[in-house]
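# Per-entry structural report
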Amino acid sequence: MLELRNIGFEVEDETTGKKKEILKNINLKIEPEQFVVITGPNGSGKSTLAKIVMGTEQPTSGQILFEGKDITNLDITERAKAGIGFAFQQPVRFKGLLVRDLLRFAAGKNLSTEESCSYLSQVGLCAIDYVNRELNDSLSGGEMKRIEIAMLLARNTKLSIFDEPEAGIDLWSFQNLIKIFDQLRKETKGSVLIISHQERILEIADKIIIITDGEITDEGSKEEMFPKLLGTVDACEYLRMEA
Ligand SMILES: Nc1ncnc2c1ncn2[C@@H]1O[C@H](COP(=O)(O)OP(=O)(O)OP(=O)(O)O)[C@@H](O)[C@H]1O
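My aim in this report is to walk through the structure given alongside it, one point at a time. Here the structure is a predicted model, which is why all the values come from computation and not from measurement.

### Structural notes on the sheet that holds strand S4 (residues 61–66)
Spatially, S2-S1-S4-S5 is the arrangement adopted by the 4 strands of the open sheet, whose pairing is antiparallel. On the outer flanks of this sheet lie strand S2 (19–30) and strand S5 (69–70), each paired with one strand and no other. Judged from the 8 bridges that link them, strand S1 (residues 2–12) and S2 form a sheet pairing that is antiparallel. Across the sheet, residue Phe9 finds its bridge partner in S2, namely Leu23.

Dropping the structure here:
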């Protein structure tokens, strides 16, 4: 459903003025309903790759195909219309905007209270307590993350992208987040692409892709990848550090 062909991303290094390759010849495929996790060391190019799929960055070379169509030159809005959605890194918090309004915007139609509540229940929120809450600082980081996931459910995206969903939430909320992702993987029809360092998220992946220094250095099922990740000194330290 999503295919990246020979994607490259180059920028000019501000100090040296020389070209710097952030991503090199990335080829990857995400199949319908596949739950793919991209991992790798800090600064290896994972977020840049996510941005290229969302459409907030343009690759300097290569092609992006979504459901067989070339979307390389489509902007973020056109890609959203085609069915690519992502959770905001900085959650939207607008004074006066209610959770139910956000879900309604996401769905692109009027939703009954029952429908809005069903999206919130799916992400483990006691729906009736949240549907009329204002999207402001009174919501915790973990609650906002779940509301964003509910928003993606309401949008019925074909491909949902999450860049480090674990960032900024406490251990308790993280445990719930894992349950929600696991449930998403089992119950929803769309594909999911997650950038994560967390072993617990890697554990629920259908496919794990490792990016090192701008290149895909390995990929496979979790059964194939876990022994490899744990078998190298770097990865071992890396996973331990993240635990
Ligand atoms: N527009 C840009 N101009 C210059 N450098 C950039 C640009 N975009 C990304 N980079 C650099 O590219 C490298 C990869 O960044 P990216 O954020 O994709 O890494 P990452 O793997 O997501 O890292 P992390 O795990 O720390 O989030 C970094 O060194 C970053 O500073």
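### A closer look at the pairing of strand S7 (residues 159–163)
Counting buried positions along S7 gives 5 out of 5 residues, so the element sits mostly inside the fold. Neither face of S7 is open: one carries Leu159, Ile161 and Asp163, the other Ser160 and Phe162, and all of them are buried. The pairing of strand S6 (residues 84–86) with S7 spans 3 bridges and is parallel. Paired with Gly85 across the two strands is Ser160, which belongs to S7. As paired strands, S7 and strand S8 (residues 191–195) are joined by 5 bridges and run parallel to one another.

Definitions and limits used
For every chain, the first residue of its written sequence is number 1, and the numbers climb from 1 along that sequence. Totals for whole chains, interfaces and linings use all residues, but because this is a predicted model, local features are given only for residues with pLDDT of at least 70 and pairs of side-chain atoms are given and counted only at 80 or more. To get the side-chain values, take all heavy atoms of the structure and skip hydrogens and water. Two strands qualify as a pair provided DSSP detects at least 2 bridges between them. Helix numbers and strand numbers start at the N terminus; a helix is a DSSP run of H or I with at least 4 residues, a strand a run of E with at least 2. Buried means the residue's accessible area, taken with a 1.4 Å probe over protein chains only, is under 20% of the maximum for its type, while exposed means over 50%, and partly exposed covers the values in between.

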